[in-house]
Every structure is written in structure tokens, then in C-alpha cells.
Amino acid sequence: MPGMHGGGPTWRSGSYDPQLDLVYWGTGNAEPYDPGPRGALDSLFTSSLLAIRPKSGDVACYFQYTPNDVYDVDGTVENVLADLQIDGHLRKVMIQANKNGFMYVLDRTNCKLIAANRYVKVNWATHVDFTTGRPVLTDVYKRFLASEELEIRPSRGTNAVPIAFDPSTALVYASTWDVPRVQKVAPPRPEVLGGNSAGVTSRIPPRSGRATSSRSRSLRGDQSAGRREEMGGAADRFPGIGGHAGDRGWARVHGKLTGEVVALDEATGKTLWQFKTGSSINSTAITYTHNGRQYVTIASGRGGTLASRYTGDKVPTGGSVWTFALMPDTDVRGRR
């Protein structure tokens, strides 16, 4: 777009394939959200995946998740690299739970679309066209362009936090959002370097007198087969801001804004174990071994705009790091 302002930066880590010698980066959304200054064009390479040759910086291929993004659903989430059996062939793929509400599987050798399935409620698009790779829009875009205030789903499918992938089952696990956003084009105003350039007014609508309108779910989806299944036992009234970590093929660990660190059965979503920390958990757990013993470490501490927006003063502030040790030769179920 013209001028010195706008969006499109990358602000998450990339993924590297040493065999292909390609690094994969996701990019941010265009700004302002009002597409008028951009001429309603696609705005390459915003909200996209770029495969870059690290030695030359050349773009080997790309895929744009959300052309002409007006919803703040950037593509910066991490790209999980995996090898999947699809239609009887082993494919080198990338998996991303995009903020636009679709989970994508791309061929990482050429950035071509393999699968795209909704994993939360989506009202701005009906589906992704596999011929063009573009989302098929509903009337939400035209209504937004006409300056109507309207509810957009999702506000974000996930808050750009890490997903977990189990290569033995080809299942993906993500903390998801059922959170709408009410958005409207704002009156034009001069842009100030370093200031807000979104160009919209937006809010989270209250529901049933509650401070938040959201539920978070752990979700598993075999995206190569296009199957989606919600896991039970992981619902919460606050959105899932912490990412998922997985290990040993038996559990997925994540944290809640209400402060619990939780281990979920990977097959059923049943809570196997949980521990209440002193504040919100916005982070992703890590698991590691030391001297032959396995540990799980996670940071607790309410921080950031989104966590405070949803929890308000219902969860105390504070900062601490918690480490848990698994009993020798057992898992979180206590099994040997």
C-alpha cells in the first residue's frame, strides 16, 4: 500500500526443512483493515506463507491464506512440518491452524493446498476453493465495506499460539476460540507513525451478562482426511491463550487463563491431571528430561492485552515458573 504505514510484518518464528533447504515464514495482515486505501487488492504477501531460500532470500513459493485481509487474521502462526500419508502417498506437508478459522495442510515442496477445514465457527467465508486456494466469501465482506457494524466469526480461530502434532496418529491439537468480534470501519483520520493504523472500531460483545463471550476447546483434527472432532473435558469460559505441548503419545498439556495447568488424554480429551497456579497461564509448557527423569515447566502470570481483557480482575496478577516432575517410569495417569 502507498505511504509509510500499514501491516504485513512477520512476528513469529519460521520453520526450516534441511532437506529442501527452505525456511517457511508466516506474515501479518494488511492495515488499515478498510481495504479502500489498498484498492481492494490482495495485498501480497500479507496473511501469507512464504517459502524462502535462506542463502539467496528468494521466494521459492507462497500461499496466501486470506487475500485482502480485513479481519486481522494474519498468517504468522507456526508452520508444523510433517510427513503424512495422503491418498496412498507420503507427502511433505506444512500444517497451520490459521487465525481465520481454517486449518490448512500445504505441500511444503510447492506451497500447494492439500486441505483446509474449519475448526471453529466461521461466518466470513463458507469454505476454501481447492481450485484457486481462495476462501469463498459470504456477504460479511460487502457489509463491512458498506460501513455496517457487524459480528465477525472468529475474532481469531486461535491466538497464534503453538499447536501440538502427533505424528503417530496424524492428529493436531489446538487451543481454539469461540469468540466473535464486532467491527466497523472507523472515520478516516491522519495516520501517525507508531500509532494505531487499524482503521476500525472493534469490541467483544458481552453475552448473558458475563464478562466474556468465549469458550475454549481442545480440538483434534485429522486434516488429511478432513475429519474434525472436539475433545471433551476441556471447555472453559475464557479463551485458550496458552499453546499445547505433547509428549509420549499419551497426553497434551496446556494452561488456562484461570490459572490451571492441565494434562489431557490425547484420545478423549479427559482431564488426567491439573494443578492450580497463582495467576493466568498465557504460555506454552515445555517438557524435557534431566538425569533420566522427565519434567514439565510452564510460566504463570497474567499479562498482555488479551488476557487482561477477558479475565479483568477475576484472576490475580503475578509471575512465577512452575516445574513438575513425573514419577520415575510412570505417566500422568500413574501408569508404569
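Residues numbered from 1 in each chain as written. Predicted model: local features only at pLDDT ≥ 70, side-chain atom pairs only at ≥ 80, totals over all residues. Heavy atoms only, no water.

A.B. asks: For the overall build of the chain, give the residues involved together with the corresponding values.
C.D. replies: Across its full length, the chain carries 2 helices and 24 strands. Scored against the burial criterion, the 336 residues of the chain give a buried share of 51%. Within the chain, residue pairs in contact and separated by at least 24 positions form 54% of the contacts whose partners lie at least 6 positions apart. Accessible surface, the chain: about 15300 Å² in total, of which carbon and sulfur atoms supply 52%. (Helix = DSSP H or I, 4+ residues; strand = E, 2+ residues; numbered from the N terminus. Buried < 20%, exposed > 50% of the residue type's maximum accessible area, 1.4 Å probe, protein only. Contact = heavy atoms within 4.5 Å. Areas by Shrake-Rupley, 256 points an atom, 1.4 Å probe, with all protein chains shown as cover.)

A.B. asks: A description of the nonpolar core should follow, citing residues and the corresponding values.
C.D. replies: One recurring pattern in soluble globular proteins is that nonpolar side chains are buried together. Grouped together as the largest cluster of nonpolar side chains are 48 residues, with contacts concentrated most on Tyr-71, Val-93, Ile-95 and Tyr-104. The greatest single-element share of this core, amounting to 5 residues, is contributed by strand E7 (residues 102-107). The contact partners of Tyr-104, leaving out residues within four places of it in the chain, are Phe-63, Tyr-65, Met-94, Ile-95, Gln-96, Asn-98, Leu-113, Ala-115, Ala-116 and Val-128. Membership of the second largest hydrophobic core comes to 9 residues, among which are Val-253, Ala-263, Ile-298 and Phe-324. (Core = buried A, V, L, I, M, F, W, Y, C linked by side-chain atoms within 4.5 Å.)

A.B. asks: Account for the state of the cysteines, naming residues and giving values.
C.D. replies: Using the criterion set out here, one finds 1 disulfide in the structure. In this model Cys-61 forms its disulfide with Cys-111; the gap between the sulfur atoms is 2.1 Å. Given an S-S torsion of about 60°, the disulfide between Cys-61 and Cys-111 has right-handed geometry. Of the two residues, Cys-61 is situated in strand E4 (residues 59-64) and Cys-111 in the loop between E7 and strand E8 (112-118); the sequence distance between them amounts to 50 residues. (Disulfide = S-S within 2.5 Å.)

A.B. asks: How would you sum up a nonpolar patch on the surface? Please name residues and give values.
C.D. replies: Side chains of Leu-44, Phe-45, Val-59 and Tyr-62 sit close together on the surface and give an oily, nonpolar patch of about 350 Å² of accessible area. Looking at the secondary structure, you find Tyr-62 in strand E4. (Patch = residues over 30% accessible without salt bridge, like charges linked within 9 Å, V, L, I, M, F, W, Y side chains within 5 Å. Salt bridge = Lys/Arg side-chain N within 4 Å of Asp/Glu carboxyl O.)

A.B. asks: Tell me about the packing of aromatic side chains, residues and numbers included.
C.D. replies: Overall, the coordinates contain 11 aromatic pairs when judged by the stated rule. For the pair Phe-45 and Tyr-62, a centre-to-centre distance of 5.0 Å together with 75° between the ring planes defines the contact as edge-to-face. Of the two residues, Phe-45 sits in the loop between strand E2 (22-26) and strand E3 (48-52) while Tyr-62 sits in strand E4, which places them 17 residues apart along the sequence. In this structure Phe-45 comes out as partly exposed when scored by relative accessible area, which is 35%. (Phe/Tyr/Trp six-rings, centres within 6.5 Å; stacked < 30°, edge-to-face > 60°.)

A.B. asks: How would you summarise the confidence of the model for the chain if you had to cite specific residues and measurements?
C.D. replies: When pLDDT is averaged across the chain, the result is 81; 79% of the residues are at 70 or more. Considering each helix and strand of the chain separately, the mean pLDDT is smallest for strand E16 (residues 216-222), with a value of 52, and largest for E4, with 98. Every residue in residues 208-217 is under pLDDT 50, and counting partners more than four places away or in other chains gives 39 contacts. (pLDDT = per-residue confidence, 0-100.)

A.B. asks: Describe the sheet that holds E3, listing the residues and the values that go with them.
C.D. replies: One open sheet holds the 4 strands; their spatial order is E1-E2-E3-E4, and the pairing between them is antiparallel. Among the strands making up the open sheet, the edge pair consists of strand E1 (15-17) and E4. On average, adjacent strands in this sheet sit at an angle of 20° to one another, irrespective of strand direction. One ladder, built from 3 bridges, connects E1 with E2; its direction is antiparallel. (Pairing = 2+ DSSP bridges. Axes fitted to C-alpha atoms, helices over the stretch in contact; angles between N-to-C directions.)

A.B. asks: Before we move on, can you summarise the side chain of Asp-17 with the specific residues and values?
C.D. replies: Inspection of the secondary structure assignment puts Asp-17 in strand E1. Leaving out residues up to four positions away in the same chain, Asp-17 has contacts with Leu-22, Tyr-24, Leu-81 and Arg-108.

A.B. asks: Any chance you could break down the pattern of salt bridges for me, citing the residues and the numbers?
C.D. replies: Tallying each qualifying case throughout the model produces 14 salt bridges. With a closest N to O distance of 3.8 Å, Arg-181 and Asp-72 form a salt bridge. Taken together, the positions of Arg-181 in strand E14 (residues 181-185) and Asp-72 in the loop between E4 and strand E5 (80-86) put the pair 109 residues apart, joining distant regions of the chain. Between Lys-276 and Glu-260 there is a salt bridge, with the nearest N and O atoms lying 3.5 Å from each other. Placement of Lys-276 in strand E21 (residues 271-276) and of Glu-260 in strand E20 (residues 260-265) is noted, with a sequence separation of 16 residues between them. Overall, the relative accessible area of 14% leaves Glu-260 in the buried class.

A.B. asks: Which residues make up the environment of Ile-86, and what are the values?
C.D. replies: By the secondary structure assignment, Ile-86 is in strand E5. For Ile-86, a relative accessible area of 7% puts it in the buried group. Through-space distance from the C-alpha of Ile-86 to that of Ile-114 is 9.1 Å; in sequence the pair is 28 residues apart.

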